[in-house]
Amino acid sequence: MTMTSTGSIRDAEASAAIRHHYDVGNDFYRLWLDESLTYSCALRRTPQDTLESAQQHKLRYHLDAIGADEADRVLDIGCGWGSTLRMCAERGVREAVGLTLSDEQADHIHGMGLSGVDVRTENWTRYEPASRFDGIISIGAFEHFARPDESPDEKIAQYRDFFTRCRAWLNDTGTLSLQTIAYANMSREQASTFIQESIFPDADLPTLTEIAAAADGIFEVQSVVNGRLDYAWTCEQWAHRLRQHREEAASLVGPEITARYERYLKQSAMGFRMGKIGLLRLVLRPYPASLFGSGAR
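By the naming in an unreviewed UniProt entry, the protein chain is Cyclopropane-fatty-acyl-phospholipid synthase family protein, taken from Saccharopolyspora mangrovi. In its Sequence similarities (unreviewed entry) section, the UniProt record describing the protein chain reads: "Belongs to the CFA/CMAS family."

Take a look at the structure:
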């Protein structure tokens, strides 16, 4: 099998896995996410924060990390339902590009009519930008880059490909703001079979060590924050909202899928509370071009 065909198969599997989870239906997710449909860990700054305010804190955190107020072009890898892209437009970013593998998400973003926003249903492994970006944000996509059947070395190689591409797509003074769930005091073998098979098939979490090894010599890690308790709280908020709308959810997607999501959110909250999994927010800046090389892919 050629490398090209192997890559095509991998992309097809990744697309199918993403659609399995994210194309359940926008109306279903509206029942339990916040108004912006932000489906990733919030950033709770005070006990008084609501889910809505905590999600806005998170979005501002990432946009501030890349200096969005001064940015001309921003790339969002794994853009979800477009909450980051919307904030880019509100901050006056001239061009914000979002990549997703979910048709439902892309259709939602197209319907928002955001100025300067271009959403593509395209894998980052196939993306070829016309010019460089001032900043790149990736929230909740990194978890889908590796598969459970891959060795640690294979995972690192896939992550390194991601970092290499991001470096080539960034201006020399650009910044990558990355948020991902990661294994903490739990190994891959100890992970929930239910979540691996029924919720996020063909996906495997990274470890901080694997991320650092993959970025070594390409990006300098400026900061790392573990927000696992933020994610425990976020999952608990989502689970509470889904329980409140259980009957409506069941009418949309059926009682089996509704029960599956309730179980997944409860297990995830417990995993974060117990430190089995963590939530990493990393700010990375490229090493000087003279050390790495230049030129967009």
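### Quick look at the nonpolar core
Within the largest apolar cluster, 32 residues are counted, with the highest numbers of intra-cluster contacts made by Trp32, Tyr39 and Trp238. At the level of secondary structure, the elements contributing two or more residues to this core comprise helix 2 (26-30), helix 3 (51-65), strand 5 (170-183), helix 9 (228-244), helix 10 (246-253), helix 11 (255-274) and strand 7 (277-286). Ranked by residue count, the leading element in this core is helix 9, at seven residues. The contact partners of Trp238, leaving out residues within four places of it in the chain, are Trp32, Leu33, Thr38, Tyr39, Ser40, Leu51, Gln55, Tyr231 and Leu265. Core analysis: the next-biggest nonpolar cluster, separate from the first, contains 29 residues, Phe133, Phe163, Cys166 and Leu178 among them.

### Describing the packing of aromatic side chains
Counted according to the given criterion, the structure contains 25 aromatic pairs. Ring geometry for Trp32 and Tyr39: centres 5.5 Å apart, planes at 90 degrees, overall edge-to-face. Using a relative accessible area of 13% as the deciding quantity, one classes Tyr39 as buried. Centroid distance Tyr127 to Trp169: 5.4 Å. Interplanar angle 80 degrees. Geometry classified as edge-to-face. Separated by 42 residues along the polypeptide, Tyr127 in the loop between strand 3 (117-121) and strand 4 (133-139) and Trp169 in helix 6 (residues 152-169) bring together distant segments of the chain. In this structure Tyr127 comes out as buried when scored by relative accessible area, which is 2%.

### Quick notes on the sheet that holds strand 7
Think of a sheet as strands paired side by side through backbone hydrogen bonds, with each pair either parallel or antiparallel. Within the open sheet, the seven strands sit side by side as 3-2-1-4-5-7-6. Their pairing is mixed. Both outer strands of the open sheet, strand 3 and strand 6 (219-226), are each paired with one neighbouring strand and no more. Neighbour-to-neighbour, the strand axes of the sheet open up by a mean angle of 15 degrees, direction not taken into account. Where strand 1 (residues 73-77) lies against strand 2 (residues 95-100), five bridges are found, and the strand directions are parallel. Pairing of Arg73 across the sheet is with Glu95, part of strand 2. The sheet contacts of helix 6 involve strand 1, strand 4, strand 5, strand 6 and strand 7, and relative to strand 5 the element is tilted by about 150 degrees. Sheet strands touched by helix 8 (residues 208-215): strand 5, strand 6 and strand 7. Its angle to strand 7, the strand with the most contacts, is close to 15 degrees.

Scoring rules and cut-offs
- Residues numbered from 1 in each chain as written.
- Predicted model: local features only at pLDDT ≥ 70, side-chain atom pairs only at ≥ 80, totals over all residues.
- Heavy atoms only, no water.
- UniProt positions renumbered as here; feature names shortened; annotations may be inferred.
- Core = buried A, V, L, I, M, F, W, Y, C linked by side-chain atoms within 4.5 Å.
- Buried < 20%, exposed > 50% of the residue type's maximum accessible area, 1.4 Å probe, protein only.
- Helix = DSSP H or I, 4+ residues; strand = E, 2+ residues; numbered from the N terminus.
- Contact = heavy atoms within 4.5 Å.
- Phe/Tyr/Trp six-rings, centres within 6.5 Å; stacked < 30°, edge-to-face > 60°.
- Pairing = 2+ DSSP bridges.
- Axes fitted to C-alpha atoms, helices over the stretch in contact; angles between N-to-C directions.

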